[in-house]
Amino acid sequence: MNPLSLIVRVGCDIFAWFMLVFGTNVIIHGYMSPGGGFQGGAIAATFIVFLLVAYGSRRVHSWVNEGIYDVLFDELGLLSFIILAFLGLPTSFFFNYLATPLGVASPWFTPGAGTIFFMSIAVGIEVTGALSLVILNMHRGIRLFSESPMEEELGHDR
Amino acid sequence: MKKTLFVAAAIIIGGLLIGALDMVHPFGNPGAAPMDNYYLENSLKELSTENIVTSIVFDYRGFDTLGEAAVLFTALCSITVLFREGRKK
Amino acid sequence: MIGNGPFLAVGILFLIALVGIFTQKNLIKIAMAIAILGSSVNLFLVALGYRTGGTVPIHYLAGEGGPMVLPTPQAMTLTAIVIALATTALLLSLIMLIYRHYGTINVDEIRRLRG
């Protein structure tokens, strides 16, 4: 297998960071514009895919600490989502206790959407971690089961 | 023989499916939808959320999102177990 | 009949996926057919909630024209897309393990080998 061309690798290296910024933008503005946690998380997870295309799997796996993705992103996102849901429990599960009606200023610094804003961020973090880990695990599984080291794939690693 | 039987079964099932899909409500006219109208009218007033789909996903129907996040987490766990280290056979 | 065009498109996509699942021998092609089937179901859900001349269910983008389309099928479709993504990833991982174990992804040969 021939290595990818230089244009593709440099383009992926540059655009990975723009995809990260764009995904964060979609996650944060999910309560007022098209988007939300899932869509922004899926966009932000393409960051790791672009890095895999640009640098090859060996170098990316030496950089990435998968415990950070697993614990800090995935489980923290899911746990904060559940805790945010439980905090409204005196009224009901998933009660939006921070929301203010239209035209009323919020007493806190939160947007008027209340828990929708925070839940969107939590789900965005969770989806980012989950999809990145799925990609990394499936890509490592290619190498893990081969008896001989894949010499032909090393063309990606400059 | 087997192939003709397969084609006949496919045609019969396809005809039944297309006929059933033709009997759904006419496209563009879903009829009265009180629940969706409630969401459309009151989402901006109650929650000051411009995006109605997000307000449904994260507030009105949060249980769906919780189950869906659990499904994603379960799939991630099973993939991690399948490709774990030290399984070189 | 022709006014229900999107529903007929859903039916045709569903039939294509069904024929693919029943006739193909390659496991990757079966996974692709399953993905097409999920897409047809998503298209059906979105097409169910359309109103003639409807606009997007976002207030400041909707403008003054027409009624808004129903938002609940769109939210359910959002849920279904992510679950389909998770199941597709799990399916492809299992296919990778099957290829490592048997050396083939043809269904008939896997059935003949038996371990």
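Residues take numbers from 1 onward in each chain, read along the sequence in its written order. Going through the entries in the order they are written, you letter the chains from A and number the ligands from 1. Restriction of local features to residues with pLDDT of at least 70 applies here, the model being predicted, together with a cutoff of 80 or more for giving and counting side-chain atom pairs; totals for whole chains, interfaces and linings are based on all residues. Remark: hydrogens and water are excluded; side-chain values derive from all non-hydrogen atoms of the structure.

> What is the right way to read the overall build of chain B from this model?
What chain B contains, in helices and strands, is four helices and zero strands. Runs of E in the DSSP output that reach at least two residues are strands. Runs of H or I that reach at least four are helices, and both are numbered from the N terminus. What you see in chain B, going N to C, is helices and strands ordered as α-α-α-α. For chain B, whose C-alpha radius of gyration is 23 Å, the value lies well above the compact-globule estimate of 12 Å for 89 residues. Considering only C-alpha atoms, chain B reaches an extent of 65 × 55 × 15 Å along its principal axes. Buried residues in chain B amount to 38% of all 89 residues. Values of accessible area rely on a 1.4 Å probe in the Shrake-Rupley scheme; residue burial ignores everything except the protein chains shown. Element-wise, carbon and sulfur atoms account for 69% of the exposed surface of chain B, whose accessible area totals about 5,100 Å². The size measure is the radius of gyration over C-alpha atoms, and the globule rule it meets is 2.2 Å times the number of residues to the 0.38 power. Throughout this description, buried means an accessible area under 20% of the type-specific maximum (1.4 Å probe, protein chains only), exposed means over 50%, and partly exposed covers the range between.

> Explain the interface of chain A and chain C to me, please; I cannot follow it from the model alone.
When the parts of a complex come together, some accessible area is lost, and that lost area is often taken as the interface size. The partner chain C presents twelve residues to the twelve residues of chain A that form the contact. Interface area for chain A against chain C, summed over the two sides, is near 970 Å², with a carbon-plus-sulfur share of 80%. Salt bridge criterion: a side-chain nitrogen from Lys or Arg within 4 Å of a carboxyl oxygen from Asp or Glu. One can count zero salt bridges joining chain A with chain C. Elements with a contribution of two residues or more to the side of chain A that touches chain C: helix 2 (37-44) and helix 6 (115-144) of chain A. Counting residues per element, the side of chain A that touches chain C draws most heavily on helix 6 of chain A, which supplies five residues. Three classes are used, and their members are as follows: Ala, Val, Leu, Ile, Met, Phe, Trp, Tyr, Cys and Pro are nonpolar, Asp, Glu, Lys and Arg are charged, and the others, Gly among them, are polar. Partitioned by chemical class, the residues of the side of chain A that touches chain C number eight nonpolar, four polar and no charged. Here a residue-residue contact requires only that any non-hydrogen atoms of the pair lie within 4.5 Å. Here the buried area means the combined drop in accessible surface, using a 1.4 Å probe, for two parts upon being joined, counting both sides.

> Looking at this model, I keep getting lost on the pattern of salt bridges. Mind explaining?
Side chains that differ in charge, positive against negative, can pair when their charged atoms come close. All names here are of chain C. Considering all chains together, one arrives at two salt bridges over all chains under this definition. The partner of Lys25 in a salt bridge is Asp108, and the shortest N-O contact between them spans 3.7 Å. Residue Lys25 is located in the loop between helix 1 (5-23) and helix 2 (27-48), and its partner Asp108 is located in helix 5 (residues 107-113); the two are separated by 83 residues in the primary sequence. Judged by relative accessible area, which is 40%, Lys25 ranks as partly exposed. Since its relative accessible area comes to 30%, Asp108 is described here as partly exposed. Taking the shortest distance from any N to any O, the salt bridge between Asp108 and Arg111 comes out at 3.9 Å.

> Hey, could you run me through the interface of chain C and chain B in this one?
Taken together, the contact pairs 43 residues of chain C with 37 residues of chain B. Both faces considered, chain C and chain B share a buried interface measuring about 3,600 Å² in area, 75% of it formed by carbon and sulfur atoms. Across the chain C-chain B interface, the total number found is zero salt bridges. Distance and chemistry together define a polar contact, namely a pair of N or O atoms within 3.5 Å, with one atom able to donate a hydrogen and the other to accept it when in protein, and with adjacent residues in sequence counting only for side-chain atoms on both sides. At the junction of chain C and chain B, the tally comes to nine residue pairs in polar contact (both at pLDDT 80 or more).

> Is there a simple way to think about the packing of aromatic side chains in this case?
Aromatic rings in a pair are described by how distant their centres are and how their planes are angled relative to each other. Here a pair means two rings of Phe, Tyr or Trp (six-membered ring of Trp) with centres within 6.5 Å. Their orientation is stacked below 30 degrees between planes, edge-to-face above 60, and tilted elsewhere. A complete count under the given rule lists 16 aromatic pairs over all chains for this structure. Taking 5.2 Å as the distance between ring centres and 40° as the angle between the ring planes, the aromatic pair formed by Phe93 of chain A and Phe63 of chain B counts as tilted. Of this pair, Phe93 of chain A sits in the loop between helix 5 (66-86) and helix 6 while Phe63 of chain B sits in helix 4 (residues 62-82), which puts the two residues in different chains. Judged by its relative accessible area of 21%, Phe93 of chain A is partly exposed. Through a chain of ring-to-ring contacts, three or more aromatic side chains come together here, namely Phe81, Phe86, Phe93 and Phe94 of chain A together with Phe63 of chain B.

> I tried to follow the packing of helix 1 (residues 2-22) of chain B against helix 1 of chain C on my own but got confused; where do I start?
A packed helix pair is summarised by two numbers, namely the angle formed by the two axes and the spacing between the axes. In contact at an axis separation of 9 Å, helix 1 of chain B and helix 1 of chain C are set at 155° when each is read in the N-to-C sense. What the angle tells us is that helix 1 of chain B and helix 1 of chain C run roughly antiparallel. With respect to the hand of their crossing, helix 1 of chain B and helix 1 of chain C are arranged in right-handed fashion. Where helix 1 of chain B abuts helix 1 of chain C, its residues Phe6, Gly14, Leu17, Ile18 and Leu21 of chain B lie against Phe7, Leu8, Val10, Gly11, Ile12, Phe14, Leu15, Phe22 and Thr23 of chain C. Classifying every residue of the contact of helix 1 of chain B with helix 1 of chain C gives eleven nonpolar, three polar and no charged. Axis lines are fitted to C-alpha atoms, over the contacting stretch for helices. Their N-to-C directions set the angle, which ranges from 0 to 180 degrees. Note on terminology: angles under 35 degrees are roughly parallel, angles over 145 are roughly antiparallel, angles of 65 to 115 are roughly perpendicular, and the others are oblique. Crossing handedness follows the turn of the near helix against the far one: under a right angle anticlockwise gives a left-handed crossing, and clockwise gives a right-handed one.

> Honestly, helix 2 of chain C in this entry has me stumped. Any pointers?
Two residues of an α-helix separated by three or four positions point the same way, owing to the 3.6 residues in each turn. Residues and elements named next belong to chain C. If you check helix 2, its first and last C-alpha atoms are 32 Å apart, about what 22 residues at 1.5 Å a residue would give, namely 32 Å. By the burial criterion, the buried members of helix 2 are Leu27, Ile30, Ala31, Ala33, Ser40, Asn42 and Ala47. Contacts made by the buried residues of helix 2 are with helix 1, helix 4 (71-102) and helix 5. One side-chain oxygen of the residue at the start of helix 2 lies 3.2 Å from the amide nitrogen of Ile28, identifying that residue as Asn26. To estimate how far a helix should extend, the number of its residues minus one is multiplied by 1.5 Å.

> Honestly, the side chain of Arg140 of chain A in this entry has me stumped. Any pointers?
In this structure, Arg140 of chain A sits in helix 6. For Arg140 of chain A, a relative accessible area of 15% corresponds to the buried category. Separated by 3.1 Å, the side chain of Arg140 of chain A and the backbone oxygen of Phe83 of chain B make a polar contact.

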